[in-house]
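Single-letter residue listing:
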Amino acid sequence: MSQKILLDKINVPGIKTYEVYRQNGGYASVEKALKTLTPDEVVEEVKTSGLRGRGGAGFPAGMKWSFIDKKSGKPRHLVCNADESEPGTFKDRYLMEFIPHLLIEGMITSSYALGANLSYIYIRGEYMWVYKILERAINEAKAAGFLGKNILGSGYDLELYVHCGAGAYICGEETALIESLEGKRGNPRIKPPFPAISGLWANPTVVNNVETIAAVPWIVNNSGAEYAKIGIGRSTGTKLISASGHIKNPGVYEIEMGLSVYEFMNSDEYLGGMSSDRPLKAFVPGGSSVPVLPAHLIYKTANGEDRLMSYESLSDGGFATGSMLGSGGFIVYNDTSCIVRNTWNFSRFYHHESCGQCSPCREGTGWMEKVLHRIENGHGREEDIDLLLSIQSKIEGNTICPLGDAAAWPVAAAIRHFREEFEYHIRFPEKIKNRDHFVAEPFEKVKHLVSKVIV
């Protein structure tokens, strides 16, 4: 069994309540930090741990904390990004719903490290029942003296609030989140200045993911050096994975970084293999925004090395033969899945969620959705495949925030690895009219027809 840092106590009866959480060692990191460590020492522990942002970007958390402006004298803020909207990702909801005090503890300890006296948890509007759970936990923590004025007699003050978004995926981008928190439309800001210099109300601000902040108590209690011993290379610690698709055991798993993809996929401790005798066709390792990989690149890299659940191994080979760990949204497809339909579904999402601020994203996501819809519904043209590649290349790298990249990458990867499937849709429209066209006749059985057609 791998070590559990975040989910170790999640099944303890009553762990949602302050009393039970406290009885099981809860809030020890707050006591240790406020009574024995300076804020800079807490930051150094997080730096030493090698903890990387768990929201998708994977930027070192301690380094991000060290960028915060301490010279201006302005108030500082910590904002927790709980706007979990990436398709295929549901790990943060799991943490907040079943062990909310872990996040509250992490917010207090992290806020102390940053010198923040006013912090926020920004949660997606669809998580209203989780919002109520967090509100209850905050009230319990405040009643116990862990929030408010002069926490534990240390002289440190902190107020913590939960703020609901309105269901916009774009607000998962940190500057759009800040705009929304200020009461404005959630449009990403041009950077620089970065939030560490000018964030919430133009004050120095750090924005971190739920999972990132929830790891801080363990690091403070056990030291950054101990955390760094877990995992592999620069992928230290554990990672929460949201697993879904054609697998026996879907759910949220905490794994040690460096676990092989094969073991994670097939071990009874984890996903338990495919849900039926249908073969593995593809998988998305990090949520809808990362490139899809075909079966022959899932367990092994292009160099023949074991593919590992780590930032470095999953990206091995670049986008040509690799992908990204991203937010850990692990989606598995068997051979009944239609890659064209899946790609269209993702594109439809990104078109809907584009804020419209940047022309390449505003226009390009709509064009990609329309072209993919045309192909999936039997009206595709031979030139549509190259048209899609052209559109996505005009979006990628040409927008203020990464939503444009998130929309472009899945399209490029789907064509890169499954181009013949797109050609099949275009050349045999009568065979794909039924949305379950690959259930009775998987693509592997009919792909030979593509090569027989003279274009």
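Looking at an unreviewed UniProt entry, one finds the protein chain named NADH-quinone oxidoreductase subunit F and attributed to Flavobacterium caseinilyticum.

Student: Break down the overall build of the protein chain for me, with residues and values.
Tutor: Within the protein chain, the regular secondary structure consists of 20 helices and 11 strands. Counting only C-alpha atoms, the protein chain reaches 80 × 45 × 40 Å along its principal axes. A buried classification covers 57% of the 455 residues belonging to the protein chain. Residue pairs at least 24 apart in sequence account for 69% of intrachain contacts in the protein chain once pairs closer than 6 positions are excluded. Charge centroids of the protein chain, computed over 49 positive and 53 negative side chains, lie 2 Å from each other.

Student: So what's going on with the nonpolar core? Residues and values would help.
Tutor: Core analysis: the largest hydrophobic core is formed by 63 residues, its most contacted members being I104 and I121. Other than its neighbours up to four places away in sequence, I121 contacts C80, A82, L103, I104, M107, L134, L160, Y161, V162 and H163.

Student: Give a detailed account of the environment of L308, specifying residues and quantitative values.
Tutor: With respect to the helices, strands and loops of the structure, L308 is situated in the loop between β10 (293–294) and α12 (311–314). Placed 44 residues apart in sequence, L308 and F264 show a C-alpha to C-alpha distance of 9.2 Å. Excluding residues within four positions of it along the chain, L308 makes contact with I232, G258, L259, S260, V261, S313 and L314.

Student: An account of the domain arrangement of the protein chain is needed here, citing residue identities and associated values.
Tutor: Segmentation of the protein chain into domains returns domain 1 (18–229), domain 2 (232–334) and domain 3 (339–449). Taking the mean C-alpha position of each, domain 1 and domain 3 sit 37 Å from one another. The interface is formed by 14 residues belonging to domain 1 together with 10 residues belonging to domain 3. When domain 1 packs against domain 3, the two sides together hide about 930 Å² of surface, and 67% of this comes from carbon and sulfur. Our enumeration of links across domain 1 and domain 3 arrives at zero salt bridges. Our count for the contact surface shared by domain 1 and domain 3 stands at three residue pairs in polar contact (both at pLDDT 80 or more). Within the side of domain 1 that touches domain 3, the residues separate by chemical class into six nonpolar, four polar and four charged.

Student: If you had to explain the side chain of N81 to someone new, which residues and values would you point to?
Tutor: Relative to the helices and strands, N81 is located in strand β1 (residues 77–82). Residue classification places N81 among the buried residues on the basis of a relative accessible area of 12%. A polar side-chain atom of N81 sits 2.7 Å from the main-chain carbonyl oxygen of G172. Leave out the neighbours within four places in its chain, and N81 touches Y122, G172, L177, V207, N208, N209 and V210.

Conventions and cut-offs
- Residues numbered from 1 in each chain as written.
- Predicted model: local features only at pLDDT ≥ 70, side-chain atom pairs only at ≥ 80, totals over all residues.
- Heavy atoms only, no water.
- Helix = DSSP H or I, 4+ residues; strand = E, 2+ residues; numbered from the N terminus.
- Buried < 20%, exposed > 50% of the residue type's maximum accessible area, 1.4 Å probe, protein only.
- Contact = heavy atoms within 4.5 Å.
- Lys, Arg positive; Asp, Glu negative; His and termini not counted.
- Charge placed at Lys NZ, Arg CZ, Asp CG, Glu CD.
- Core = buried A, V, L, I, M, F, W, Y, C linked by side-chain atoms within 4.5 Å.
- Domains from an automatic or database assignment.
- Buried area = accessible area lost by both parts, 1.4 Å probe.
- Salt bridge = Lys/Arg side-chain N within 4 Å of Asp/Glu carboxyl O.
- Polar contact = N/O pair within 3.5 Å; in protein donor to acceptor, adjacent residues only side chain to side chain.
- Nonpolar A, V, L, I, M, F, W, Y, C, P; charged D, E, K, R; others polar.

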